[in-house]
Amino acid sequence: QVQLVDSGGGLVQAGGSLRLSCAASGGTFSNYAMGWFRQAPRKAPDFVAGISRSGGNTLYAVSVKGRFTISRDNVKNTVYLQMNSLKPEDSAVYYCAAVFKAFGSSVSSQYAEYGYWGQGTQVTVSS
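A brief report on the enclosed structure follows. (Residues numbered from 1 in each chain as written. Predicted model: local features only at pLDDT ≥ 70, side-chain atom pairs only at ≥ 80, totals over all residues. Heavy atoms only, no water.)

Quick notes on the overall build of the protein chain
Let me state the cut-off plainly: For the purposes of this entry, the term helix denotes a DSSP run of H or I that reaches at least four residues, the term strand denotes a run of E that reaches at least two, and both are numbered from the N terminus. The reference for a compact globule is 2.2 Å times residues^0.38; the radius of gyration itself is calculated from the C-alpha atoms. Remark: exposure states derive from per-residue accessible area (1.4 Å probe, protein chains only) relative to the maximum for the residue type, with buried under 20%, exposed over 50%, and partly exposed in between. Whether two residues touch is decided by their heavy atoms; if any such pair falls within 4.5 Å, the residues are in contact. Residues scored as charged are limited to Lys and Arg (positive) and Asp and Glu (negative), so that His and the chain ends carry no count. Every charge is mapped to an atom, namely NZ of Lys, CZ of Arg, CG of Asp or CD of Glu.
Across its full length, the protein chain carries zero helices and eleven strands. Reading the protein chain from its N end, one meets helices and strands in the order β-β-β-β-β-β-β-β-β-β-β. Taking 2.2 N^0.38 as the reference for a compact globule, 127 residues should give roughly 14 Å; the C-alpha atoms of the protein chain span a radius of gyration of 14 Å, in line with that estimate. Along the longest, intermediate and shortest principal axes, the C-alpha atoms of the protein chain span 45 × 30 × 25 Å. For the protein chain, with 127 residues in total, the buried portion stands at 42%. A fraction of 61% describes how many contacts in the protein chain between residues 6 or more apart in sequence connect residues 24 or more apart. In the protein chain, 11 side chains carry a positive charge and 6 a negative one; their mean positions are 3 Å apart.

Quick look at the nonpolar core
Rules: The term nonpolar core refers to a set of buried residues drawn from Ala, Val, Leu, Ile, Met, Phe, Trp, Tyr and Cys, joined through side-chain atoms within 4.5 Å.
Judged by nonpolar contacts, the single largest core of 35 residues is most densely connected at Met34, Trp36, Leu81, Met83 and Tyr94. Counting residues per element, this core draws most heavily on strand β9 (residues 92–100), which supplies six residues. With residues up to four places along the chain from it excluded, the contact list for Met34 reads Leu4, Cys22, Phe29, Ala49, Gly50, Ile51, Ile70, Arg72, Val79, Ala97, Ala98 and Tyr114.

Here's the deal with the pattern of salt bridges
Selection criterion: Any Lys or Arg side-chain nitrogen found within 4 Å of a carboxyl oxygen on Asp or Glu counts as a salt bridge.
Across all of its chains, the model carries three salt bridges by this definition. Residue Arg67 pairs with Asp90 through a salt bridge whose shortest N-O separation is 2.8 Å. Within this pair, whereas Arg67 is found in the loop between β6 (58–60) and β7 (68–73), its partner Asp90 is found in the loop between β8 (78–83) and β9, the two being separated by 23 residues in sequence. Note on accessibility: Arg67 and Asp90 belong to one class, buried. Among the ionic pairs, Glu113 bridges to Lys101, the shortest N-O distance being 3.9 Å. Of the two residues, Glu113 is situated in the loop between β9 and β10 (116–117) and Lys101 in the loop between β9 and β10; the sequence distance between them amounts to twelve residues. Given a relative accessible area of 39%, Glu113 falls into the partly exposed group.

Notes on unusual backbone geometry
Residue Asn77 is not a glycine yet carries a positive backbone phi of 55°. Residue position: Asn77 is located in the loop between β7 and β8. Positive phi, close to 50°, is recorded for Ser85, a residue that is not glycine. Note that Ser85 resides in the loop between β8 and β9.

Dropping the structure here:
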């Protein structure tokens, strides 16, 4: 089983940037498609971005497309979320997640498909 540790959150002004990291251990990282979700207070978790096992395919929520970039390093067992042009509405706890994929290059945006989760990292964007 894979264990995930999120990091990189913080307080930033609107228009600024942050890079989140998610370090994986305990499994073969390249066997997992990865995703980032976020949850604001009193709201359900929202899909933000996903990436296939090899990194060849990515998927983004409409609200972040063109501003956020997901990437992965299968040597360092880490997935990243580069967030640019941040807005106050991007404020949330961000979670990385993993879903085992035996083969293929699919990306999932469905919360229920992901079986492994990081502990979350807070992102706060001030106006």
